[in-house]
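Structural characterization, general
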Amino acid sequence: HHRRTLTLEQRAARCPNPAGRRLLEIISRKRTNLCISLDMTDSAEILSTARLVAPYVCLFKTHVDIVADFSQDFVAELTAIAEEHDVLIFEDRKFADIGNTARLQYEAGMYRIAEWSHFTNAHVVSGPGVVDGLRGAAERLGRGLLLLAEMSSAGSLVTGPVTELAVELAAREPALITGLIAGGALLPDTADVITMSPGVSLAGEDSPTARPAAGDSFGQQYVTPRRAIMDRGTDVVIVGRAIIGAADPVAAAKLHQTAAWQAYEQSVAH
Ligand code: S5P
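Residues numbered from 1 in each chain as written. Predicted model: local features only at pLDDT ≥ 70, side-chain atom pairs only at ≥ 80, totals over all residues. Heavy atoms only, no water.

An unreviewed UniProt entry lists the protein under the name Orotidine 5'-phosphate decarboxylase, from Fonticula alba. You can read under Catalytic activity (unreviewed entry) in the UniProt record for the protein the words "orotidine 5'-phosphate + H(+) = UMP + CO2". Among the UniProt annotations of the protein, the heading Pathway (unreviewed entry) holds the following wording: "Pyrimidine metabolism; UMP biosynthesis via de novo pathway; UMP from orotate: step 2/2." (UniProt positions renumbered as here; feature names shortened; annotations may be inferred.)

**Considering the site of the ligand**
Taken together, 13 residues form the shell around the ligand, and within it Asp-39, Lys-61, Ser-152, Tyr-222 and Arg-241 come nearest. At 3.1 Å from an oxygen atom of the ligand is found a side-chain nitrogen or oxygen belonging to Ser-37. Here an oxygen atom of the ligand sits 2.6 Å away from a polar atom, N or O, in the side chain of Tyr-222. Class assignment of the residues belonging to the shell around the ligand gives a composition of 3 nonpolar, 5 polar and 5 charged. (Near = heavy atom within 4 Å. Polar contact = N/O pair within 3.5 Å; in protein donor to acceptor, adjacent residues only side chain to side chain. Nonpolar A, V, L, I, M, F, W, Y, C, P; charged D, E, K, R; others polar.)

**Regarding the sheet that holds strand β7 (residues 194-197)**
Taken in spatial order, the 8 strands close into a barrel running β1-β2-β3-β4-β5-β6-β7-β8, and their pairing is parallel. Each strand of the sheet is rotated relative to its neighbour by a mean of 25°, with strand direction disregarded. The sheet contact formed by strand β1 (residues 34-37) and strand β8 (residues 236-239) spans 3 bridges and is parallel. Across the sheet, the residue bridging to Ile-36 is Val-239, located in β8. Helix-sheet contacts for helix α4 (residues 72-85) involve β2 (59-62) and β3 (88-95), and the interaxial angle to β2 is about 160°. (Pairing = 2+ DSSP bridges. Helix = DSSP H or I, 4+ residues; strand = E, 2+ residues; numbered from the N terminus. Axes fitted to C-alpha atoms, helices over the stretch in contact; angles between N-to-C directions. Contact = heavy atoms within 4.5 Å.)

**Concerning the environment of Ala-19**
For Ala-19, the location among the structural elements is in helix α2 (residues 18-30). Dropping the residues within four chain positions of it, Ala-19 is found in contact with Leu-88, His-118, Phe-119, Gly-142, Arg-143 and Gly-144.

**Describing the packing of aromatic side chains**
Aromatic rings in a pair are described by how distant their centres are and how their planes are angled relative to each other. Counted by the stated rule, this structure contains 4 aromatic pairs. Relative to Tyr-111, the ring of Phe-70 has its centre 4.8 Å away and its plane inclined at 75°; by these criteria the two rings are edge-to-face. Taken as a pair, Phe-70 in the loop between β2 and α4 and Tyr-111 in the loop between α5 (99-107) and α6 (113-116) lie far apart in primary sequence, 41 residues in all. Exposure remark for Tyr-111: the relative accessible area of 22% places this residue in the partly exposed category. Ring geometry for Phe-95 against Tyr-106: centres 5.6 Å apart, planes inclined by 70°, an arrangement best described as edge-to-face. Note that Phe-95 is positioned in strand β3 and Tyr-106 in helix α5, a separation of 11 residues in sequence. On the basis of relative accessibility, which here comes to 0%, the residue Phe-95 falls in the buried class. Note on Tyr-106: relative accessible area 0%, which makes it buried. Chaining the aromatic ring pairs together yields one cluster made of Phe-70, Phe-74 and Tyr-111. (Phe/Tyr/Trp six-rings, centres within 6.5 Å; stacked < 30°, edge-to-face > 60°. Buried < 20%, exposed > 50% of the residue type's maximum accessible area, 1.4 Å probe, protein only.)

**Comments concerning the pattern of salt bridges**
Counted according to the given criterion, the structure contains 17 salt bridges. A salt bridge links Asp-235 to Arg-4; its shortest N-O distance comes to 2.8 Å. Here Asp-235, found in the loop between α9 (225-231) and β8, pairs with Arg-4, found in the segment before α1 (8-14); they are 231 residues apart in sequence, far enough to count as distant. Given the relative accessible area of 3%, Asp-235 is considered buried. For Arg-4, a relative accessible area of 4% gives the class buried. Sharing partners across several salt bridges, the network here consists of Asp-132, Arg-135, Glu-139 and Glu-173. (Salt bridge = Lys/Arg side-chain N within 4 Å of Asp/Glu carboxyl O.)

**Thoughts on the packing of helix α3 (residues 43-53) against α4**
For any two helices packed against each other, one specifies the crossing angle of their axes together with the interaxial distance. Two elements in contact, α3 and α4, have axes separated by 10 Å at closest approach and are oriented at 5°. By the angle class used here, α3 and α4 are roughly parallel. Mapping the contact onto sequence places Ser-43, Ile-46, Leu-47, Ala-50 and Arg-51 in α3 and Phe-74, Glu-77, Leu-78 and Ile-81 in α4. In terms of residue class, the contact of α3 with α4 is built from 6 nonpolar, 1 polar and 2 charged. (Parallel < 35°, antiparallel > 145°, perpendicular 65-115°, else oblique.)

**Some details on the state of the cysteines**
In the structure shown here, the tally under the stated rule is 0 disulfides. With no disulfide of its own, Cys-15 lies 13 Å from the sulfur of Cys-58, the closest cysteine sulfur. Cys-35 provides the cysteine sulfur closest to Cys-58, a residue in no disulfide bond, and the two sulfurs are 6.4 Å apart. The exposure class of Cys-58 is buried, given its relative accessible area of 0%. (Disulfide = S-S within 2.5 Å.)

Written as C-alpha cells, this is what we have:
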C-alpha cells in the first residue's frame, strides 16, 4: 500500500496554491475526495446533475467544448451551484499548444475559461512554454494548473520523458502547478502537489464484487477508488459515467464518495 505522511487537512494548511488550498480544505470539511466528471452535452442536464451530486463531491469537472448550448449564463449557474455547495470547478481543457496560443485559448474566445474555472489542465508535449502561457491569468486570478503526467487510456504515449517533464515542473513550482493528472502519486506528499486520477469506477477491473466493466469501447480503462487511492496513492478520484450514467446518479455518487473516502482514511492510518 501507498504510504501517506500527511493528511489532506495538513496539506491544505501548507498548500502554496490558493485554489489547491481551497480544494484541500473542502475535501477535509466535506469528507469527499470525489470529482464528478459532468460529461454531458446539454447545459440543463449538466446543471441538474451538478445540483443532485454536489453534496457528495469536492469538484465539478467540465468539458465546455461539448456543451451544445454553451453560454456565460450556464457558467454563472454552475458557479452558483458550486458556491452554494462548497464545490470548485475544473475545466478539463487539456491545453497542448505553444504557450502563446494556450494563453489565448485560456483567457479569450467564447469560453473565457480563466475567468470561472478554479483549475484547468495542460499537456506538456509541446514543452514547458505552455505553462508560461497559462501563468499570467492563473497567477492573477489565483487559479491552479494540473499537468497530464499519465493517462488512463490504453496505449497512451503520456509516459517516459513526458511524465518526467510534468513531474519535474510540478515539483519545481507547486505554487502554480498545484497538481498532476496521473494513475497514482508520482511525488511524495510533502511536495505539495495534488494527484487526481481518472479512469475510476466501483466496477473497475480490480473490483471484488461488481461484474467488472474494465473499460469502454474507446480504450478507457478503469480501476476502483481503492486501487487508485490506497495502492497507488492518488488524492482525488475523477468519476464520470459510473455516476452520470447510473440509473440513480445520487446513489452512485454516494457509493463512490464513501469508497474513495474510506480508501483515503485507510491509507492515512497505515
Ligand atoms: O487520462 C485521462 C485524463 C482525463 S482528464 N483519462 C480521462 O478519462 N480523463 C477524463 O476523465 C476524460 O476526458 C473524461 O472526462 C473523464 C473520465 O470519464 P469516465 O466517464 O470514463 O469516468
